[in-house]
2 protein chains.
Amino acid sequence: MSASPSAEIISIGTELLLGEIVDGNAAFLASELAEIGMPIYWISQVGDNQDRLVESLRQALNRSRVVITTGGLGPTGDDLTREAIAVIAGEQPSVDRELERVLRERFAAMGRSMPERNLKQAWLIPSAEALPNPLGTAPGWWVTRPDERYVACMPGVPAEMRSMWSEQVRPLVEHLTNASFVAVTLKTFGPGESAIEERLGRLVEAANPSVATYAKRDGVYVRVAASGSSRDEARRRLNPVLEQVRERLGADVFGSEDDSLGSVVGSLLARRHSTVATAESITGGLVCSYLTDIPGSSSHVLGGVVAYNEETKTRFGVPADIIDEHGVVSEETAVALSEIARARFDADFGIGTTGAAGPEGHGGVDPGTAFVAASDAGGQIAKLIRRSGPRETVKHFVALSAIDLLRRFLEDR
Amino acid sequence: MSASPSAEIISIGTELLLGEIVDGNAAFLASELAEIGMPIYWISQVGDNQDRLVESLRQALNRSRVVITTGGLGPTGDDLTREAIAVIAGEQPSVDRELERVLRERFAAMGRSMPERNLKQAWLIPSAEALPNPLGTAPGWWVTRPDERYVACMPGVPAEMRSMWSEQVRPLVEHLTNASFVAVTLKTFGPGESAIEERLGRLVEAANPSVATYAKRDGVYVRVAASGSSRDEARRRLNPVLEQVRERLGADVFGSEDDSLGSVVGSLLARRHSTVATAESITGGLVCSYLTDIPGSSSHVLGGVVAYNEETKTRFGVPADIIDEHGVVSEETAVALSEIARARFDADFGIGTTGAAGPEGHGGVDPGTAFVAASDAGGQIAKLIRRSGPRETVKHFVALSAIDLLRRFLEDR
């Protein structure tokens, strides 16, 4: 066994070799391994071909202590990860009765009988333990080699892989490293990545704790990470820097870790037993959909309307003279929509959106221009949003901007 | 030299091993290679370490006729691609005067003098030709090995790489393939991947044309690909198999290539100058949002309502006795919602959704159970949907199911 353990990632699937999907799984796992201080020197993608898969796995086990694979655990003839591992281990797979029971139950719950080919998802070999997969039909494998090397096989479906990694594989891999590591991710919405980096100043240059920014789909994340010989030591290093980061970013921080803008707004509303409704134009229902992504949201989200053209807006009660005077894409129309949302649903808070998603302009504004508004019985707030990019990008950003505006409105209340 | 040429991609940069960036370059190159019919069996990512880089390149040249690298051509001590290639070729790099002149001119044009470390970007070895880089300071290398194997080294900056690939490297690689290649992707929604594969039967076993299935976020895609000595020959091989696939999958095929469910429904509506509106519960606005993701959708999407709780549903006109008799999650409620959508917006077609997104049950049904409905003045259609997984997965699947139901309804009209 090599003195310093290192890990290596193999992503399995011909679709990767055809460029049909980008290997986001490997990037996710690589960042996770970096976080727990496990070095990684190799990542590779290999197709659904047993000989090449066996060759890749052999080579990886030769040079790395932990090999992490994703993909190839499906039920079809193209899914060969189990077969390849069995070849390397020189073991015969057999159906595990408990795994089979779980699998058949899963199909029964979907009202379907299990196709026979799915039975191989219940396979095990003597050197493998099953990693349960509550989100799908493919359990993973944790394989222990005689030379204290390990193979973790996980599904390729990102949600299933991430859950299996966080809950089962990561603790096993962490156990193989000696340092303790703590990290906190703060989430911001509003300023761009370079603006955030500028406000963090020299904090981003230090190594332990390290401070790094990541532009994500729902804002810029700031990750503060520290290591030490114990978790307590790591935490003692982390906390003062975390405080400094929070101070510098102020109200642009909407949450941390698993928070989303929707969950934060949901908590703020639940805390004051308040309700919200939406009246959307440019976002086409996406604000309401994001608000209802949160479990339990039916207690504070009453509903919404999408008024996608001018006639529909006036039909739902936007005064025609507001549209005539200020335009269909205006602060005034956004505010009027937010008030219609409140009135129509008898809600405490209302959100309104109007704008041009593109690729054409609309209502006298350029594509990517929008207004969002939030209101309650005591007042209202509105904001001009500009965002370039394809329609879906614009809609997504405007929808999040509207929810973030309500968040700031609620925090000031 | 192996009989059938194949290519392999090596992406170079420690940032890839830290998961700081996703390897979009490899996916781009892989799809390009698929397009020109150059098989590819391996992709790998390696860090800025000379020994490991040399090892990766040696192995790649051993098993593939063309090795394509990206990254490691910058001016810093971490940029080691040229050094590694020189080791493998057993040649000494020297400064090429012409490359140096171009480089110095480039800096002069930016009003800066060239840092001395940039001089290595003007290196060449005898077996390498320079690939000019009009977008950056790093020229690429096209290296010819004595055994008629080739290495193409390109920069890691995506825009520079893509331009160098399209204009210089792709023609060189195309020249090495003798075959022409055509492929068509059909998109299905409804049945799962194994059901689709079962219906395709032995078609998935053939090699040319090949038929492969891919589970995607919006259904199962079926890719039919063929090669031949000319594009015409490839097409002649492809077409009969493509027809067979279409026949076997029938109405489950919603489109091909860049089609989405939303764009297909949009075209069907536009063709008959019809309009649609939605009344959503479980999907919280997502159906309407997906329908409005399509440019120009304001001509056929009028809007929608989200009635997220029972009181709101009756407020918008779902008869209380329907809810009392059949339950809030029922076929009848879904149909009633679709009719409310039509009535409220004066639309030709209506969509309704109701169900339990989870994690808790709702309205007497288990999480993941929903009904979707579509209607017009002449009738209605409804469907029971079951889907396990987290809330967002359920909402997404139910929303697509509702749009797909309208598609089938429209196609039958």
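Source: prediction; values computed, not measured.

## A word on the overall build of chain A
Here is step 1: On a plain count of helices and strands, chain A comes out with 14 helices and 17 strands.
Here is step 2: For the C-alpha atoms alone, the extent of chain A along its principal axes is close to 80 × 55 × 40 Å.
Here is step 3: Classification of the 413 residues of chain A by burial places 58% in the buried group.
Here is step 4: In chain A, once contacts between residues fewer than 6 apart in sequence are set aside, the share between residues at least 24 apart is 67%.
Here is step 5: Where the 42 positive side-chain charges of chain A centre and where its 56 negative ones centre are 3 Å apart.

## What to know about the interface of chain B and chain A
Here is step 1: Across the boundary between the two partners, chain B contributes 67 residues, which contact 69 residues of chain A.
Here is step 2: Summing both sides of the interface, chain B and chain A together bury roughly 5,400 Å²; the carbon and sulfur share of this comes to 54%.
Here is step 3: Its largest share of buried area at the contact with chain A, chain B owes to L17, W42 and Y308 of chain B, together 11% of the area lost on that side.
Here is step 4: Between chain B and chain A we count seven salt bridges in total.

## Regarding the packing of helix α3 (residues 50–63) of chain B against helix α4 (residues 81–89) of chain B
Residue and element names in this part refer to chain B.
Here is step 1: With their axes 9 Å apart at the nearest point, α3 and α4 run at an angle of 55 degrees to one another. Of the possible angle classes, the one that applies to α3 and α4 is oblique. The crossing of α3 and α4 is right-handed. In this structure, α3 uses Q50, L53, V54, L57, R58 and L61 to contact α4, whose residues at the interface are T81, E83, A84, I85, V87 and I88.
Here is step 2: Looking at the contact of α3 with α4 residue by residue, the class counts come to eight nonpolar, two polar and two charged.

## As for the sheet that holds strand β9 (residues 180–188) of chain B
Residues and elements named next belong to chain B.
Here is step 1: As summarised here, the arrangement of the four strands in space is β10-β11-β9-β12, forming an open sheet in which the pairing is antiparallel. Whereas interior strands pair on both sides, the edge strands pair on one side only; in this sheet they are β10 (210–216) and β12 (253–256). Averaged over all pairs of adjacent strands, the angle between strand axes in this sheet comes to 25 degrees, irrespective of strand direction.
Here is step 2: Each of β9, β10 and β11 (219–228) is contacted by helix α7 (residues 193–200), which is oriented at about 165 degrees to β10, the strand it contacts most.

## Concerning the side chain of S127 of chain B
All names here are of chain B.
Here is step 1: Examined against the element boundaries, S127 turns out to sit in the loop between β5 (123–124) and β6 (128–131).
Here is step 2: In this structure S127 comes out as buried when scored by relative accessible area, which is 17%.
Here is step 3: Not counting residues within four places of it along the chain, the set of residues in contact with S127 comprises A89, E91, W142, V143 and T144.

## Observations regarding the domain arrangement of chain A
Here is step 1: Parsing chain A into structural domains produces domain 1 (7–174), domain 2 (180–256) and domain 3 (261–412).
Here is step 2: A C-alpha centroid distance of 43 Å is found between domain 1 of chain A and domain 3 of chain A.

## What about the pairing of strand β3 (residues 66–70) of chain A?
Residue and element names in this part refer to chain A.
Here is step 1: Of all five residues that make up β3, five are buried, and the element is covered over most of its length.
Here is step 2: Where strand β1 (residues 7–12) and β3 come together, five bridges link them in parallel fashion. Residue pairing across strands places I9 opposite I68, the latter belonging to β3.
Here is step 3: For β3 and strand β8 (residues 150–154), the ladder comprises five bridges, and the chain directions are parallel. Bridge pairing links V66 to Y150 in β8.

## Looking at helix α13 (residues 331–345) of chain A
Here is step 1: Between the first and last C-alpha of α13 of chain A there are 22 Å, a value that for 15 residues agrees with the 21 Å anticipated at 1.5 Å per step.
Here is step 2: Taken together, the buried positions of α13 of chain A are occupied by T333, A334, V335, A336, L337, S338, I340, A341, R342 and F345 of chain A.

## Topic: a negative patch on the surface
All names here are of chain A.
Here is step 1: A surface patch of negative charge is lined by E310, D321, D324, E325, E331 and E332.
Here is step 2: Mapped by element, the contributors of at least two residues to the negative patch are α12 (320–326) and α13.
Here is step 3: Mapped onto the secondary structure, E325 falls in helix α12.

## Concerning the packing of aromatic side chains
Here is step 1: Tallied over the full model, the rule gives eight aromatic pairs over all chains.
Here is step 2: Taken together, a centroid distance of 5.3 Å and an interplanar angle of 20 degrees make the contact between W142 of chain A and Y150 of chain A stacked.

## Re the sheet that holds β8 of chain A
Here is step 1: Pairing in this open sheet of 12 strands is mixed, and the strands run β6(A)-β7(A)-β8(A)-β3(A)-β1(A)-β2(A)-β2(B)-β1(B)-β3(B)-β8(B)-β7(B)-β6(B) from one edge to the other. Two strands lie at the open edges of the sheet, namely β6 (128–131) of chain A together with β6 of chain B, each paired on one side alone. Neighbour to neighbour, the strand axes of the sheet diverge by 15 degrees on average, direction disregarded.
Here is step 2: For β6 of chain B and strand β7 (residues 140–144) of chain B, the ladder comprises four bridges, and the chain directions are antiparallel.

## Here's the deal with helix α14 (residues 391–412) of chain A
Here is step 1: Between its first and last C-alpha atoms α14 of chain A spans 32 Å; for 22 residues at 1.5 Å apiece the expected length is 32 Å, and the two agree.
Here is step 2: Burial analysis of α14 of chain A places 17 of its 22 residues in the buried class, which makes it a mostly covered element.

## Remarks on the pairing of strand β9 (residues 180–188) of chain A
Successive residues of a regular strand alternate their side chains across the two faces of the sheet.
All names here are of chain A.
Here is step 1: Taking burial as the measure, the nine residues of β9 include eight buried ones, the bulk of the element.
Here is step 2: Inspection of the sheet shows β9 paired to strand β11 (residues 219–228) by nine bridges, in the antiparallel sense. Bridge pairing links F181 to S227 in β11.
Here is step 3: Pairing geometry for β9 and strand β12 (residues 253–256), over three bridges, is antiparallel. Residue K187 lies in a different strand from β12, and its bridge partner there is G255.

## Re unusual backbone geometry
All names here are of chain B.
Here is step 1: N208 connects to P209 through a cis peptide bond whose omega is 0 degrees.
Here is step 2: Within the secondary structure, P209 is located in the loop between α7 and β10.
Here is step 3: Here the bond from G358 into P359 is cis, since omega is 0 degrees, no more than 30 degrees from zero.
Here is step 4: By the secondary structure assignment, P359 is in the loop between β15 (349–355) and β16 (369–376).
Here is step 5: Within the chain, E148 stands out as a residue other than glycine whose phi angle is a positive 60 degrees.
Here is step 6: Following the sequence through the fold, E148 ends up in the loop between β7 and β8 (150–154).
Here is step 7: On the accessibility criterion, E148 (45% relative accessible area) is partly exposed.
Here is step 8: Phi is positive for D346, which is not a glycine, with a value near 55 degrees.
Here is step 9: Checked against the element boundaries, D346 lands in the loop between α13 (331–345) and β15.
Here is step 10: Given the relative accessible area of 60%, D346 is considered exposed.

## Topic: the environment of L291 of chain A
Here is step 1: Relative to the elements of secondary structure, L291 of chain A occurs in helix α10 (residues 286–291).
Here is step 2: C-alpha of L291 of chain A to C-alpha of L261 of chain A: the two residues are 30 residues apart in sequence and 8.5 Å apart in space.

## Considering the nonpolar core
Here is step 1: V276, L291 and L406 of chain A together with V276, L291 and L406 of chain B are the most contacted members of the largest nonpolar core, which totals 70 residues.
Here is step 2: Residues V305 of chain A together with F316, V335 and A341 of chain B belong to the second largest nonpolar core, which totals 42 residues.

Each value, and the rule that gives it
Residues numbered from 1 in each chain as written. Chains lettered and ligands numbered in written order. Predicted model: local features only at pLDDT ≥ 70, side-chain atom pairs only at ≥ 80, totals over all residues. Heavy atoms only, no water. Helix = DSSP H or I, 4+ residues; strand = E, 2+ residues; numbered from the N terminus. Buried < 20%, exposed > 50% of the residue type's maximum accessible area, 1.4 Å probe, protein only. Contact = heavy atoms within 4.5 Å. Lys, Arg positive; Asp, Glu negative; His and termini not counted. Charge placed at Lys NZ, Arg CZ, Asp CG, Glu CD. Buried area = accessible area lost by both parts, 1.4 Å probe. Salt bridge = Lys/Arg side-chain N within 4 Å of Asp/Glu carboxyl O. Axes fitted to C-alpha atoms, helices over the stretch in contact; angles between N-to-C directions. Parallel < 35°, antiparallel > 145°, perpendicular 65-115°, else oblique. Left-handed = near helix turned anticlockwise from the far one by under 90°. Nonpolar A, V, L, I, M, F, W, Y, C, P; charged D, E, K, R; others polar. Pairing = 2+ DSSP bridges. Domains from an automatic or database assignment. Expected span 1.5 Å × (residues − 1). Patch = residues over 30% accessible without salt bridge, like charges linked within 9 Å, V, L, I, M, F, W, Y side chains within 5 Å. Areas by Shrake-Rupley, 256 points an atom, 1.4 Å probe, with all protein chains shown as cover. Phe/Tyr/Trp six-rings, centres within 6.5 Å; stacked < 30°, edge-to-face > 60°. Core = buried A, V, L, I, M, F, W, Y, C linked by side-chain atoms within 4.5 Å.

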